Amino acid sequence: MLELRKDLFADERDDNLKEIGKGTQRQDMLGHVTGTSPYFNDHNLQGMLHLKVVRSAHSHARLRRIDTSEAERSQGVRRVIRASDVPRNLNTLLSLINFGKDDEPSLAVDKVRYKGEPIVAIVADSPREAYEAIAKVKIDYEVLPAVFDVEDALKPGAPVVNEVYPKNTFTYHETYDRQQLRFGDADHALASADHVLEQRYQMSPIEHAPTETNGSIAAPDTNGRYIVYTSTQALFFSVDTCAKILDMPSNTFHFIGGTVGGGFGGKVDTLTEPLCILGAMLTGRPVRYLFGREEEMQYGPPRGAERIYIKDGVMRDGRVVARKVRAYFDSGAYTRLSSYAAVKCAAHLPGPYTIPNVHGDVYCVFTNRTPATAMRGFGVTAMDFAIECQMDKLAHLVGMDPMEFRILNAYRDGDMKAHRREAKNTALIECVQVAAEKAKWPLREEFRQMSSRKDGGGLRAAVPLTPRETHAPMAAAPAQQRTTYDRAPAATREPPPPPPPAPPSPPRPNAPSHGATRFSSVFGTRRR
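Cut-offs and rules
- Residues numbered from 1 in each chain as written.
- Predicted model: local features only at pLDDT ≥ 70, side-chain atom pairs only at ≥ 80, totals over all residues.
- Heavy atoms only, no water.
- Buried < 20%, exposed > 50% of the residue type's maximum accessible area, 1.4 Å probe, protein only.
- Helix = DSSP H or I, 4+ residues; strand = E, 2+ residues; numbered from the N terminus.
- Pairing = 2+ DSSP bridges.
- Arc of directions from axis to C-beta.
- Contact = heavy atoms within 4.5 Å.
- Patch = residues over 30% accessible without salt bridge, like charges linked within 9 Å, V, L, I, M, F, W, Y side chains within 5 Å.
- Areas by Shrake-Rupley, 256 points an atom, 1.4 Å probe, with all protein chains shown as cover.
- Salt bridge = Lys/Arg side-chain N within 4 Å of Asp/Glu carboxyl O.
- 1 Å grid on protein atoms, 1.4 Å probe; cavity = no way out; pocket = protein on both sides within 12 Å on 5 of 7 lines; lining within 4 Å.
- Points joined across faces, edges and corners; volume = space filled by probe spheres on them.
- Nonpolar A, V, L, I, M, F, W, Y, C, P; charged D, E, K, R; others polar.
- Phe/Tyr/Trp six-rings, centres within 6.5 Å; stacked < 30°, edge-to-face > 60°.
- Lys NZ or Arg CZ within 6 Å of the ring centre and 35° of its normal.

Draft legend 1. Summary view of the pairing of strand β13 (residues 306–314). For β13, the buried fraction is high: 8 of the 9 residues fall into the buried class. Strand direction decides the pairing type here: strand β8 (residues 195–203) and β13, joined by 9 bridges, are antiparallel. Within the sheet, the bridge partner assigned to Gln199 lies in β13 and is Ile310. Judged from the 9 bridges that link them, β13 and strand β14 (residues 320–332) form a sheet pairing that is antiparallel. Bridge assignment links Lys311 to a residue of β14, and that residue is Lys324. Between β13 and β14, which pair antiparallel and follow one another directly, the connecting turn spans 5 residues, one of which, Gly318, has a positive phi of 100°.

If you want it as structure tokens, here you go:
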């Protein structure tokens, strides 16, 4: 059991959180409204140099030759940094927690795998002189076939994007090409369902568009140390990433954060700090590396694109009896955080609903797009969107009110999740009831009386038999009605009768309360 020791944080905050409805002032508000909040770029150090990078003009190409001779002679240029100058020029963001293989260079070596990938860094007296030198770098490319669609990337003969993962999928536990969830027999349940609905959902990449672009300043300090001012959202993570790439002890660096001028997940990748520190090491002077707006928008890491297929089986009384999900995360050319997003996505299936048969496959796929990263609930957001759209369509299909349809299928305390963990502290029913009340949305009395604390457990807590992958799905029953969402319901169809209440489960000791106590949605462990 994971327990958070609140006594260790007693001096940091008042845990009696009763702020809703109050005009509580943010601690940093005064600085924001008076323009005095400190940002990393406010530090104008004496003798500071400026670093800019030469970026790939192609999405996938072999680097035949890189000629920097003219750039090195350009006015104001202090140093040209190439891949060979980076002590450990291969990293993956989550290697610090032993998750994934090093697959991304700080500066490209033999190939570029997305348009805008850094190839050479220029350190000069001014940003303008750095840009002028960039224009003088000559690169001979051999353009290679590229792939931009997640499903195309998995087809036989597709271009290999990332040689560390030659099948274009992230490998979990050195063995598996996906995150997989099996609970019950989804194929059998789909074959016997009254209705089957299959839909595709798509989310494009989303740029964070922070007011302050990614950037950092590194300066030599005393005793061979370096001080780094940065806009990172992950200060300690960035320290250790730089220590790894530069092959130096982490206590060599003194990282100073500050106000982040917009992040939303887009400033956790440690994009500027390693090269910035390396520039300071090679020149002995402070160096600033700041993304321009075009760089931020085109080459800064976005929320990754996702494609989701959901196939549901539902009975005439509104019970969802099977859910089959196939999802693809577009990681771009390198892993970054998408492999973790797929884990979160699989952990979220099948949504906050008790469905006795669940089948899920979630892939992290490499394409020749800009590498993706975190953004506001990444891994769950798009799946939630898809699931809730699907729930609306299913409700329409069986002629039920969408609010009542959700209440009918929602988790109750004591239900068994598809991850084989008991559902605790569930509250979707109460949330829907309150939302309906606030919106003046009419609910039938029986649905207003339902509760997350009642009618769970019992048969709903059983772990169903789950066939092995070699199990052949049963043929569709002759009486089954397979219906697409676009087909209008028959005009003569009567509304379904109210569903019979599930048999109450026997009383359980120490029933969980609906208060501040929280449980992990995956592991059921106490968080607070």
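Draft legend 2. Representation of helix α12 (residues 428–438). Taken as a whole, α12 has its buried residues at Ile429, Val432, Gln433 and Ala436. All buried residues of α12 fall inside an arc of 100° around its axis, so they share one side. Each element contacted by the buried residues of α12 is listed here: α11 (402–409) and α13 (445–448). Positioned one or two residues after α12, Lys440 has a phi angle of 55°, which is positive.

Draft legend 3. Region of interest: a nonpolar patch on the surface. A grouping of Met29, Leu30 and Val33 is seen on the molecular surface, where their side chains present a nonpolar patch of about 300 Å² in accessible area. In this fold, Met29 is placed in helix α1 (residues 29–34).

Draft legend 4. Geometry of empty space enclosed by the protein. Taken as a whole, this structure holds 3 cavities of 30 Å³ or more when the rule is applied. As a volume, the largest cavity reaches approximately 350 Å³. Along its surface, the largest cavity is lined by 22 residues, and Glu104, Pro105, Thr270, Leu271 and Arg336 are the ones closest to its centre. If you list the elements that add at least two residues to the lining of the largest cavity, you get α6 (235–246) and α7 (273–283). Along the lines of polarity and charge, the residues of the lining of the largest cavity split into 12 nonpolar, 5 polar and 5 charged.

Draft legend 5. The packing of aromatic side chains, seen in detail. Applying the stated criterion across every chain, the model contains 11 aromatic pairs. For the pair Phe170 and Tyr172, a centre-to-centre distance of 4.7 Å together with 70° between the ring planes defines the contact as edge-to-face. Tyr172 matches Phe170 in its accessibility class, with the two residues each being buried. Pairing Tyr201 with Phe385 gives two aromatic rings, centres 6.3 Å apart and planes at 85°, and the pair type is edge-to-face. Of the two residues, Tyr201 is situated in strand β8 and Phe385 in helix α10 (residues 381–398); the sequence distance between them amounts to 184 residues. By relative accessible area, Tyr201 is classed as buried at 6%. Judged by relative accessible area, Phe385 falls into the partly exposed class, the value being 47%. Grouped by ring-pair contacts, the aromatic residues Phe99, Tyr165, Phe170, Tyr172 and Phe366 constitute a single cluster. One cation-aromatic arrangement involves Arg326 over Tyr309; the distance from NZ or CZ to the ring centre is 4.3 Å.

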